[in-house]
Amino acid sequence: MNFQDFIFYSLASVLVISALGVITLRNPVHSALLLVLAFVTSSGLWLLLEAEFLAITLVLVYVGAVMVLFLFVVMMLDINLDRLREGFWKWFPFGAALALVMAVEMSMVLMGQQFGSDNMPAPTPKAADYSNTKELGRLLYTDYVYAFELAAVILLVAMVAAIAITLRSRTDKKSLNISKQIAVRRNDRIRVVSMPAEKKE
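This is a predicted model, so every value here is computed, not measured. (Residues numbered from 1 in each chain as written. Predicted model: local features only at pLDDT ≥ 70, side-chain atom pairs only at ≥ 80, totals over all residues. Heavy atoms only, no water.)

(A) A look at the overall build of the protein chain. Assigned secondary structure in the protein chain consists of 9 helices and 0 strands. Along the protein chain, helices and strands appear, N-terminal first, in the series α-α-α-α-α-α-α-α-α. Relative to its 201 residues, the protein chain shows a buried fraction of 11%. Total accessible area computed for the protein chain in this model is approximately 18,100 Å², and 67% of it derives from carbon and sulfur atoms. (Helix = DSSP H or I, 4+ residues; strand = E, 2+ residues; numbered from the N terminus. Buried < 20%, exposed > 50% of the residue type's maximum accessible area, 1.4 Å probe, protein only. Areas by Shrake-Rupley, 256 points an atom, 1.4 Å probe, with all protein chains shown as cover.)

(B) Examining the UniProt feature "transmembrane region" (unreviewed entry) in the protein chain more closely. As recorded in UniProt, the feature "transmembrane region" (unreviewed entry) lies at residues 6-25, 32-49, 55-79, 91-111 and 144-167. What you have in residues 6-25 is 95% helix and 0% strand, and the ends, taken at the C-alpha atoms, are 28 Å apart. The straight-line gap between the two end C-alpha atoms of residues 91-111 is 30 Å; of that span, 100% is helix and 0% is strand. (UniProt positions renumbered as here; feature names shortened; annotations may be inferred.)

(C) Quick look at the side chain of Ser43. Tracing the sequence through the fold places Ser43 in helix H2 (residues 28-48). Taking the relative accessible area as the measure of exposure, Ser43 reaches 6% and is therefore buried. Not counting chain neighbours up to four residues away, the residues in contact with Ser43 comprise Ala55, Leu58 and Val59. (Contact = heavy atoms within 4.5 Å.)

(D) Molecular detail of the nonpolar core. Within the largest apolar cluster, 7 residues are counted, these being Ala32, Val36, Phe39, Leu58, Val63, Met67 and Leu71. Of all the elements in the fold, those that place two or more residues in this core are H2 and helix H3 (52-76). With 4 residues, the single largest contributor to this core is H3. In this structure Phe39 touches Leu58, Tyr62, Val63 and Met67, once residues within four positions along its chain are discounted. (Core = buried A, V, L, I, M, F, W, Y, C linked by side-chain atoms within 4.5 Å.)

(E) Structural view of a nonpolar patch on the surface. Taken together, the side chains of Trp46, Leu49, Phe53, Leu54, Ile56, Leu60, Val61, Tyr62 and Val66 present a nonpolar region at the surface, about 820 Å² in accessible area. Looking at the nonpolar patch element by element, the count peaks at 7 residues for H3. Checked against the element boundaries, Phe53 lands in helix H3. (Patch = residues over 30% accessible without salt bridge, like charges linked within 9 Å, V, L, I, M, F, W, Y side chains within 5 Å. Salt bridge = Lys/Arg side-chain N within 4 Å of Asp/Glu carboxyl O.)

(F) The arrangement of the pattern of salt bridges in detail. Taken as a whole, this structure holds 1 salt bridge when the rule is applied. Residues Arg138 and Glu135 are paired through a salt bridge, measuring 2.6 Å at the closest nitrogen-oxygen approach. Taken together, the residues span about one helical turn, with Arg138 and Glu135 both in helix H6 (residues 132-141) at a distance of 3 residues. In this structure Arg138 comes out as partly exposed when scored by relative accessible area, which is 41%. On the basis of relative accessible area, Glu135 is assigned to the partly exposed category, the value being 26%.

(G) Broad picture of unusual backbone geometry. At Glu50, a position not held by glycine, the phi torsion is positive, near 60°. Checked against the element boundaries, Glu50 lands in the loop between H2 and H3. A residue is classified by how much of its surface remains accessible, and Glu50, at 44% relative accessible area, is partly exposed.

(H) Here's a closer look at the packing of aromatic side chains. Summed over all chains, the structure comprises 4 aromatic pairs. Look at Phe39 and Tyr62: their rings are 5.3 Å apart centre to centre, the planes differ by 45°, and that puts the pair in the tilted class. In this pair, Phe39 is assigned in helix H2 and Tyr62 in helix H3, connecting sequence segments 23 residues apart. Classification of Phe39 by relative accessible area gives buried; the value is 18%. (Phe/Tyr/Trp six-rings, centres within 6.5 Å; stacked < 30°, edge-to-face > 60°.)

(I) Fine view of the confidence of the model for the protein chain. Of all residues in the protein chain, 88% attain a pLDDT of 70 or more, and the chain-wide mean is 81. Per-element confidence in the protein chain ranges from a low mean pLDDT of 65 for helix H4 (residues 81-84) to a high of 91 for helix H7 (residues 145-166). (pLDDT = per-residue confidence, 0-100.)

(J) Local environment of the packing of helix H1 (residues 3-24) against H2. At their nearest, the axes of H1 and H2 sit 8 Å apart, and the two run at 155° to each other. Between H1 and H2, the angle is such that the two are roughly antiparallel. In the crossing of H1 with H2, the sense of the turn from one axis to the other is left-handed. Facing Gln4, Ile7, Phe8, Leu11, Ala12, Val14, Leu15, Ser18, Gly21 and Val22 of H1, the residues of H2 in contact are Ser31, Leu34, Leu35, Leu37, Ala38, Thr41, Ser42, Gly44, Leu45 and Leu48. Here the residues of the contact of H1 with H2 sort into 13 nonpolar, 7 polar and no charged. (Axes fitted to C-alpha atoms, helices over the stretch in contact; angles between N-to-C directions. Parallel < 35°, antiparallel > 145°, perpendicular 65-115°, else oblique. Left-handed = near helix turned anticlockwise from the far one by under 90°. Nonpolar A, V, L, I, M, F, W, Y, C, P; charged D, E, K, R; others polar.)

Printed below as a string of structure tokens:
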């Protein structure tokens, strides 16, 4: 076992343990912090695969943005944990069956002779001036440009739909009508009344 294999097995062990902690811990804040650890170790595995752009994107987008927002939401809201656990045993057989299928698939990939690593060719080392960011951009905007644009349109439609669904007009709030304020005239607001002076008897 060389040093690269040692790093891989170390990161993989931390990733599996942190992923198990995400789904087994009762405190949602601890689960979110372990999910951050899982993302960081996943980015380390991406670095071992010489995918530096994907590794830094995983850290910046998920750890730096999504998980921070998730932690703020979890800590600011008063979540009723007992209510969240009500349907656990109801969906447990389905989750266990799905986990079993995934475990069988992973064991076929890792230990099977047909799917094993012995039949896969070793990746060729890249040149020193090779940029996977440039290669990823070339593939996205040449071979997969239509799929990329379609995904962008679908995300845009989903964002507009989410805004339209959550938009509510309140009837109890007071707001200013700028056009009415500009169109008002002095004679409409002030009326001068002529009153005679009182006479002393």
